[in-house]
Amino acid sequence: MAQDAGRHGGLDERAVLLAAGLADLAVSTLGSVLGAARGLLRRSDGAELAAEAEHDLLARGRLVLDRRTAAVPPAHLEILARHALARRATGDV
């Protein structure tokens, strides 16, 4: 029974440590992002950077849509089966 209590305390402590570590990571990441954003806002070519970012996002979007909507070619075995059926139909076995 005492062993279970120790184990639960250990799990609780572990959960608290994990949560604290995640919170610290989130805060430090947010700090880095805000620092980078401040640096970008101080640049004189901000409009140019925004236009390039938009261009890159549009290109990435086109690639994704092309990948998703591209017609899938028939499978190799399907092509061979069609050829075999066509040869049988013509009597060229």
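Residues numbered from 1 in each chain as written. Predicted model: local features only at pLDDT ≥ 70, side-chain atom pairs only at ≥ 80, totals over all residues. Heavy atoms only, no water.

**Some thoughts on the overall build of the protein chain**
Piece 1. Scanning the protein chain from N- to C-terminus turns up 3 helices and 0 strands.
Piece 2. When its helices and strands are written in sequence order, the protein chain yields α-α-α.
Piece 3. As displayed, the protein chain offers around 8600 Å² of accessible surface, 63% of which is attributable to carbon and sulfur atoms. (Helix = DSSP H or I, 4+ residues; strand = E, 2+ residues; numbered from the N terminus. Areas by Shrake-Rupley, 256 points an atom, 1.4 Å probe, with all protein chains shown as cover.)

**So, the pattern of salt bridges**
Piece 1. Taken as a whole and assessed by the stated rule, the structure comprises 1 salt bridge.
Piece 2. Of the charged contacts, one joins Arg 82 and Glu 78 as a salt bridge, the two residues approaching to 3.2 Å between their closest N and O atoms. Of the two residues, Arg 82 and Glu 78 both sit in helix H3 (residues 76–90), 4 residues apart, roughly one turn of that helix. (Salt bridge = Lys/Arg side-chain N within 4 Å of Asp/Glu carboxyl O.)

**Focus on H3**
Piece 1. The end-to-end C-alpha separation of H3 is 22 Å, in line with the 21 Å expected for 15 residues at 1.5 Å each.
Piece 2. Phi turns positive, to about 80°, at Gly 91, one or two residues after H3. (Expected span 1.5 Å × (residues − 1).)

**Looking at helix H2 (residues 46–69)**
Piece 1. For H2, with 24 residues, the first-to-last C-alpha span of 34 Å sits near the 34 Å given by 1.5 Å per residue.
Piece 2. Judged by how many residues are buried, H2 sits mostly at the surface: 0 of 24 residues are covered. (Buried < 20%, exposed > 50% of the residue type's maximum accessible area, 1.4 Å probe, protein only.)

**Some points on the confidence of the model for the protein chain**
Piece 1. The pLDDT averaged across the protein chain works out to 82; a share of 88% of its residues lies at or above 70.
Piece 2. Looking over the protein chain, one finds the lowest element-wise mean pLDDT in helix H1 (residues 2–42), namely 81, and the highest in H3, namely 89. (pLDDT = per-residue confidence, 0-100.)

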